[in-house]
Amino acid sequence: MPTTVITGGTDGIGRALATTYLARGHDVLVVGTSTAKGEEFLAAAEHAGAGGRAHFLQADLSLVAENRRAVEWIACNHPSIDVLVLGARFHRSTRTQTSDGFESNFALYYLSRYLFSHGLAEALGHAERAVVLNFGGAGLTGPVRWDDLQLRRGYSGTGGLGHSAALCDLLGVHFTRLYQDSAIDYVLNHPGVVSTSFAGEYEPATAAHVDGLRVSGKPVSQAVEQILPFLDTPPTRLTAVLEGQRVSTSTAAFDPGDAARLHDVTENLLAGL
Ligand SMILES: NC(=O)c1ccc[n+]([C@@H]2O[C@H](COP(=O)([O-])OP(=O)(O)OC[C@H]3O[C@@H](n4cnc5c(N)ncnc54)[C@H](OP(=O)(O)O)[C@@H]3O)[C@@H](O)[C@H]2O)c1
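A quick note: this is a predicted structure, and the numbers were derived from the prediction, not measured.

K.L.:
I would appreciate a short explanation of the site of the ligand in the present structure.
P.N.:
The ligand sits among 30 residues. The nearest are Thr10, Thr33, Lys37, Val194 and Thr196. Taking Arg113, its side chain carries an N or O atom lying 2.8 Å from an oxygen atom of the ligand. When the ligand is considered free in solution it has 900 Å² of accessible area, and contact with the protein chains removes 93% of it. Residue assignment for the shell around the ligand shows that the elements contributing at least two residues are α1 (12–23) and α4 (104–119).

As C-alpha cells, then:
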C-alpha cells in the first residue's frame, strides 16, 4: 500500500492533501502538535471508512530532538514512503527563539524540513517512485540573508516565513543533487494566498490583515487542484511551482553553490547542538 507522510497534515492544505491521499487508498500519517486536531483527523477518516489507514503522530517540529524522534519513528514504522509533504508552519509577529537557540521560522519552516527530507531519504528511496512536496518560495521570497540566518535584525513575521521558504528552495536544489541516483522527485510549491487557519501569533494589525486573507484567499481545494498534477507526474527531478504554474529553477534563487553552502552551514549548526 502506498504511504504518505504529511507534516502540518492536521490543518489547511496539508489536511486537504491527507484527505486526498486517503481517498486514493494510501496509508496516511499526519504530524502536528495538537492532539485534538489529530484525533479529529482520525475520526473523520474512520467516518469515511479509511480509519485503518489514517495515523497521527504528535510532535513539536520546531525542536530538533522532536524532529529526530519523529523521523526515527516514521522510518521504523513506514520503511517505504511514496509521498512526503512538508507543510508545518506557525507565524510569529514577534521574533522568538526555540530552546535549541534557533529563530522559530528557521527551526520549523526550514530546519524541520531539512531533517525530514534527509532523515527519510532512505525510506523515500525504497518506494518505486517517490515525491517530496515542500512549500518553498518558488524563487520569490529571497534573497537569503547569509550574514543573519537567524533574523536577528529587522524581523517581521511574514519576512521570517518568506526567508525560510527561500532556504527551502535551496534545500530542494541540494537534496536532488545528493540523491540524484534515487527515484525521488522534489516539488517546491508556493500556493499563493489560500484561505486556511493561518496558524500563528499575530500582533493586532497583522491579525486584522490575516482575517482579510482568510476571506479573500483561494479555497484550499483550489490550492490542492493546482499542485496535485505536479505531484502525480513531476516534470523534472526538481520542479518549482507558483500558483499552479511551473517556474524556472535556473534563477539565482536556486543557485547550486548557495544550496551546497546552506547544506554545510546547516550541518555545522546541527553539529553544534
Ligand atoms: N495559506 C497560505 O496563504 C499560504 C501561502 C503561502 C505558503 N503557504 C504554505 O503552505 C503550507 C501550508 O500552509 P497552511 O496555510 O495550510 O497551514 P495552516 O493551516 O496554518 O496549518 C499549519 C499546520 O502546521 C502545524 N504546525 C504548526 N506548528 C507546528 C509545530 N511546532 N510542530 C508541528 N506541526 C506544527 C499545524 O498543526 P498543529 O496546530 O496541530 O500544530 C497545522 O497542521 C505552509 O508551509 C505555508 O507556509 C501557505
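K.L.:
In this structure, what is going on with the pattern of salt bridges? I would like to understand it.
P.N.:
Pairing is possible between side chains that carry opposite charge, provided their charged atoms lie close to one another. Summed over all chains, the structure comprises eleven salt bridges. For the salt bridge of Asp11 with Lys37, the shortest nitrogen-to-oxygen distance reads 2.7 Å. On the criterion of sequence distance, the pair formed by Asp11 in the loop between β1 (3–7) and α1 and Lys37 in helix α2 (residues 35–47) is long-range, its members being 26 residues apart. Judged by relative accessible area, Asp11 falls into the partly exposed class, the value being 27%. The residue Arg153 makes a salt bridge to Asp147 at a minimum N-O spacing of 3.0 Å. On the basis of relative accessible area, Arg153 is assigned to the partly exposed category, the value being 47%. Under the relative-accessibility criterion, Asp147 is labelled exposed at 62%.

K.L.:
Quick question: what am I supposed to make of the nonpolar core here?
P.N.:
General note: in soluble globular proteins, nonpolar side chains tend to be found buried as a group. Counting 47 residues, the largest nonpolar core has Ile74 and Phe116 as the members making the most contacts within it. For Ile74, the contacting residues outside a window of four places in its chain are Val5, Leu29, Val31, Leu57, Pro79, Ile81, Phe116 and Leu120. With 33 residues, the next largest nonpolar core counts Tyr21, Leu22, Val83 and Val187 among its residues.

K.L.:
Any chance you could explain the sheet that holds strand β3 (residues 54–58) here in plain terms?
P.N.:
Either a parallel or an antiparallel arrangement is found when strands of a sheet pair, and the pairing is made through backbone hydrogen bonds. Pairing is mixed across the open sheet formed by eight strands, whose spatial order is β3-β2-β1-β4-β6-β7-β9-β10. This sheet does not close on itself; its edge strands, each paired only once, are β3 and β10 (245–247). Within the sheet, the average angular offset between the axes of one strand and its neighbour, ignoring direction, is 20°. The pairing of β1 with strand β4 (residues 83–86) spans four bridges and is parallel. Note on β4: the bridge partner recorded for Thr4 is Val83. On the sheet, α4 packs against β1, β4, β6 (130–134) and β7 (184–190) and is oriented at approximately 170° with respect to β4. Relative to the sheet, helix α6 (residues 157–178) contacts β6, β7 and β9 (238–242), its axis offset from that of β7 by approximately 165°.

K.L.:
Would you mind going over the packing of aromatic side chains with me for this structure?
P.N.:
Each aromatic ring pair is described using two quantities: the centre-to-centre distance and the angle formed by the ring planes. Taken as a whole, this structure holds five aromatic pairs when the rule is applied. When the ring of Phe102 is compared with that of Phe106, the centres are 5.7 Å apart and the planes differ by 40°; the resulting orientation is tilted. Like Phe106, Phe102 is buried. A ring pair is formed by Tyr110 and Tyr114, whose centres lie 6.1 Å apart and whose planes are at 55°; its orientation type is tilted. Residue Tyr110 and its partner Tyr114 are located together in helix α4, separated by four residues, close to a single helical turn. Among the aromatic residues, those joined into a cluster by ring pairs are Phe102, Phe106, Tyr110 and Tyr114. The positively charged end of Arg113 is found above the aromatic ring belonging to Tyr109, 3.9 Å away from the centroid. Over the ring of Trp146 we find Arg261; its NZ or CZ atom is 4.1 Å from the centre of that ring.

Quick notes on the rules
Residues numbered from 1 in each chain as written. Predicted model: local features only at pLDDT ≥ 70, side-chain atom pairs only at ≥ 80, totals over all residues. Heavy atoms only, no water. Near = heavy atom within 4 Å. Polar contact = N/O pair within 3.5 Å; in protein donor to acceptor, adjacent residues only side chain to side chain. Areas by Shrake-Rupley, 256 points an atom, 1.4 Å probe, with all protein chains shown as cover. Helix = DSSP H or I, 4+ residues; strand = E, 2+ residues; numbered from the N terminus. Salt bridge = Lys/Arg side-chain N within 4 Å of Asp/Glu carboxyl O. Buried < 20%, exposed > 50% of the residue type's maximum accessible area, 1.4 Å probe, protein only. Core = buried A, V, L, I, M, F, W, Y, C linked by side-chain atoms within 4.5 Å. Contact = heavy atoms within 4.5 Å. Pairing = 2+ DSSP bridges. Axes fitted to C-alpha atoms, helices over the stretch in contact; angles between N-to-C directions. Phe/Tyr/Trp six-rings, centres within 6.5 Å; stacked < 30°, edge-to-face > 60°. Lys NZ or Arg CZ within 6 Å of the ring centre and 35° of its normal.

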